[in-house]
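Per-entry structural report
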Amino acid sequence: MSVGLENNLLIAMPSVKDPNFDGTVTYVCKHDEKGAMGIIINRPLKMRVSEIFNQLSFETIDNKHAEQLVLGGGPIQQEMGFVLHQSNENYDKTLNPSDLGIKVTISQDILSSMAQGKGPQTSLVALGYAGWDPGQLEAELTDNTWLSVPANPVILFDTPFDKRREAAAALLGIKISQLSAYAGHA
């Protein structure tokens, strides 16, 4: 089995009609022989990070982290929080799939730090994740469900949510609006 899509962005093709993934861009945090895990990066919820701080009873200093929108990271374990970030700090339960310094943390210590106005300078907070069984993601790529492109921190952290899909596709020299919902195999 081919592995190694960690630190890539998956761009849903126009043919994807599953409401969980239609129009999404997903950051792949982990991909190995056991399957794959990713966080959708362009689905903001009607919830701010300050609401998570309040739910966790964290004393909050008014800061940029508190005002960020929370993302719907995927259909699996939507009650679980994930923080994508770039940071030199060490937090419990952190995955470091990127040579670009992009990390994924699931422990509350990062959220506590963020509530205090500290923590990573760049971050995204998401609830839930996307997951694939062994070989499933590879099959979906073969079926033209996704385009794959190396992750770019500017797209992850600086590009407006509604522009991320177009920006990711542009890295491949593609305009999403010009793609067909029909795919063939040569």
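Residues numbered from 1 in each chain as written. Predicted model: local features only at pLDDT ≥ 70, side-chain atom pairs only at ≥ 80, totals over all residues. Heavy atoms only, no water.

**Here we look at the overall build of the chain**
Of the regular secondary structure elements, the chain holds six helices and ten strands. Against the compact-globule benchmark of 16 Å for 186 residues, the chain has a radius of gyration of 16 Å, which places it among compact chains. Along the first, second and third principal axes, the C-alpha atoms of the chain reach 55 × 35 × 25 Å. Within the chain, the fraction of its 186 residues that count as buried is 46%. Long-range pairs, those at least 24 residues apart, make up 68% of the contacts in the chain between residues at least 6 apart in sequence. (Helix = DSSP H or I, 4+ residues; strand = E, 2+ residues; numbered from the N terminus. Rg over C-alpha atoms; globule rule 2.2 N^0.38 Å. Buried < 20%, exposed > 50% of the residue type's maximum accessible area, 1.4 Å probe, protein only. Contact = heavy atoms within 4.5 Å.)

**Notes on the nonpolar core**
With 26 residues, the main nonpolar core has L9, Y27, I39, I41, L84 and L156 as its most contacted residues. With 15 residues, the next largest nonpolar core counts M47, A66, V83 and I110 among its residues. (Core = buried A, V, L, I, M, F, W, Y, C linked by side-chain atoms within 4.5 Å.)

**Description of the layout of surface pockets**
Rolled over the atoms, a probe sized like a water molecule indicates the empty space that remains. Of the volumes computed, that of the largest pocket is approximately 220 Å³. What lines the largest pocket is a set of 13 residues, and nearest its centre among them are L56, E79, M80, G81 and L111. Elements supplying a minimum of two residues to the lining of the largest pocket: helix 1 (49–55), strand 6 (76–86), helix 3 (108–115) and strand 9 (122–132). Considering each element in turn, the lining of the largest pocket owes the most residues, three residues, to strand 6. Split into classes, the residues belonging to the lining of the largest pocket amount to seven nonpolar, five polar and one charged. Here the second largest pocket defines a volume of roughly 150 Å³. (1 Å grid on protein atoms, 1.4 Å probe; cavity = no way out; pocket = protein on both sides within 12 Å on 5 of 7 lines; lining within 4 Å. Points joined across faces, edges and corners; volume = space filled by probe spheres on them. Nonpolar A, V, L, I, M, F, W, Y, C, P; charged D, E, K, R; others polar.)

**Here's the deal with the side chain of T159**
Here T159 lies in the loop between helix 5 (153–157) and helix 6 (164–170). The exposure class assigned to T159 is buried, which follows from its relative accessible area of 14%. Other than its neighbours up to four places away in sequence, T159 contacts V154, R164 and A167.

**Some points on helix 3**
Looking at helix 3, one finds that the buried residues are I110, L111, S113, M114 and A115. Its buried side turned inward, helix 3 meets helix 1, helix 2 (64–67), strand 6, strand 8 (102–105) and strand 9. G117 sits one or two residues past helix 3 and shows a positive phi near 80°.

**With respect to the side chain of N8**
In this fold, N8 is placed in strand 1 (residues 8–12). Relative accessible area serves as the criterion here: at 12%, N8 is assigned to the buried category. Separated by 3.3 Å, the side chain of N8 and the backbone oxygen of E6 make a polar contact. (Polar contact = N/O pair within 3.5 Å; in protein donor to acceptor, adjacent residues only side chain to side chain.)

**Looking at unusual backbone geometry**
For Q77, which is not glycine, the phi torsion reads 45° and is therefore positive. Within the element layout of this structure, Q77 appears in strand 6. A positive phi angle, near 50°, is found at K93, a position not held by glycine.

**Quick word on the packing of aromatic side chains**
Under the definition given, this model contains four aromatic pairs. When the centroid spacing of 5.6 Å and the interplanar angle of 70° are considered together, the rings of F82 and Y129 count as edge-to-face. Of the two residues, F82 sits in strand 6 while Y129 sits in strand 9, which places them 47 residues apart along the sequence. Pair check on accessibility: F82 and Y129 agree, each one buried. (Phe/Tyr/Trp six-rings, centres within 6.5 Å; stacked < 30°, edge-to-face > 60°.)

**As for the pairing of strand 2 (residues 25–32)**
Successive residues of a regular strand alternate their side chains across the two faces of the sheet. Extensive coverage of strand 2 is indicated by the burial of seven of its eight residues. Bridge count between strand 1 and strand 2: three bridges; the pairing is antiparallel. By the bridge assignment, I11 is partnered in strand 2 with V25. Bridge analysis of strand 2 against strand 3 (residues 35–40) gives six bridges, and the strand direction is antiparallel. (Pairing = 2+ DSSP bridges.)

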